[in-house]
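A structural walkthrough
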Amino acid sequence: MKGAKGGWKEFLDFHDKRFGSSLSDPAKRSIDTLIAFLTTFTKEEDLEFIAKITKDRERIEELAKNSSDVESPQQRLVRLTIEHPLYGKYYDPITSFNEEWVVTKLGKVSKAIKSTAMIAVDCEMVLCEDGTEAVVKVCLVDHHLVVKLDKLVNPNKAVADYRTEITGISAKDLEGVTSSLVDIQKSLKKLLSHGTILVGHSLHNDLQALKLNHARVIDTSFIFKYLDETTHSTPSLNNLCKSMLGYEVRRDDARHNCRDDVVAAMKLVLAKIEHGFDDPIAVERKHVCWKLNDSLAFIFFGKKFGLINSLHLQKLYVPETDFRKLFLRRIPIGVPSRVSCICYDTAISADT
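Nothing here was measured: the structure is a model prediction, and the numbers come from that model.

With that settled, the discussion passes to the pairing of strand β3 (residues 133–142). Within β3, eight of the 10 residues are buried, leaving the element largely enclosed by the surrounding structure. In this antiparallel pair of consecutive strands, strand β2 (residues 118–128) and β3, the connection spans four residues, and Gly-131 shows a positive phi of 90°. Pairing of β3 with strand β4 (residues 147–152) involves five bridges; the strand directions are antiparallel. The partner of Val-138 across the bridge, within β4, is Lys-151. Hairpin geometry of β3 and β4 is characterised by an intervening segment of four residues between the two adjacent antiparallel strands and by a positive phi of about 65° at Leu-145.

Written as structure tokens, this is what we have:
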């Protein structure tokens, strides 16, 4: 989309002489700047698009309100999800108006929030040659932990990496599979009618892959309070289950199992509803090391790093109790003299 002053970054270069497009994250911009950008649009189709976004945002805000005399436990978790600081970043209504996306019908909000029905979802995705991700497996369970859907999905595009070591799915598994993303979307629209709540851990990833916009959601990574809580990270499903349910979904670096993950997400919600868990909890944060030929290359601490160079590295998970010991050791000579990483907007380098 482009207004009279061009696209978003072009507008920023014109509007903000100090920072320009170097600060392009809308979440870090003021409301006044966002409004100024929207006023540059004059085409009818653009104005209709903005009206749709505004309507969708109003619907979300209405869901966040406790509009009934007695808020149900399920609706409270929907509200906690929407009120989380990261909700606006990960659950972007703009993407839902892109091609191939499906928007579920919520109906009248005052009626929808009375529904306590819940469906949990988990997906497995592969990396395609065009750089996008595609769903290859979907599993759904209801709040009774009854499986409502468990299907392989044909990505219908060339796959660059099946990520078999994570997904457990190979090219052979998808031979003869005819179910498409469109088929899955149709099934979801039926299951999520009349205000049914969609549950998942880091659910935005599944919604992106499914190309689905559903307003009434519970993200299990958002509904608990943590002793070391920050607004930049959330615990893994595995670590959260260890703390709240007393069991591991899988061992570190083991292959995912859609059914295990989706059941775990629903169990977390049911436990939250039954026991409250309103006090901050301790969740083990496992940190990541990178190894090359059994030599420590770089340490990852609590945030995502992206490797700039093309080294073939092995990712290892280290418990926090052992992690601090790594700082006492020197990086071995076998590691290249410079390993560069990016941590969000900050460039970090490790020299030996």
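It is worth spelling out the side chain of Thr-40 at this point. Tracing the backbone shows Thr-40 in the loop between α2 (31–38) and α3 (44–64). By relative accessible area, Thr-40 is classed as buried at 11%. Polar side-chain contacts of Thr-40 include one of 2.6 Å to the backbone oxygen of Phe-37. Thr-40 has contacts with Gly-3, Ala-4, Lys-5 and Phe-11, leaving out every residue within four places of it along the chain.

What follows is about the confidence of the model for the chain. Averaged over every residue, the pLDDT of the chain is 77; the share at 70 or more is 71%. Mean pLDDT per element in the chain: strand β14 (residues 346–351) is the minimum at 32, and strand β6 (residues 197–200) is the maximum at 98. Segment residues 287–352 is flagged for pLDDT under 50; beyond a separation of four residues in sequence, or across chains, it makes 115 contacts in the model.

Attention now moves to the nonpolar core. Core analysis: the largest hydrophobic core is formed by 58 residues, its most contacted members being Val-138, Leu-198, Val-199, Leu-210 and Ile-218. No other element matches the eight residues that helix α11 (residues 258–275) contributes to this core. Counting eight residues, the second-largest nonpolar core is a separate cluster that includes Cys-128, Val-159, Ile-169 and Leu-174.

Definitions and limits used
Residues numbered from 1 in each chain as written. Predicted model: local features only at pLDDT ≥ 70, side-chain atom pairs only at ≥ 80, totals over all residues. Heavy atoms only, no water. Buried < 20%, exposed > 50% of the residue type's maximum accessible area, 1.4 Å probe, protein only. Helix = DSSP H or I, 4+ residues; strand = E, 2+ residues; numbered from the N terminus. Pairing = 2+ DSSP bridges. Polar contact = N/O pair within 3.5 Å; in protein donor to acceptor, adjacent residues only side chain to side chain. Contact = heavy atoms within 4.5 Å. pLDDT = per-residue confidence, 0-100. Core = buried A, V, L, I, M, F, W, Y, C linked by side-chain atoms within 4.5 Å.

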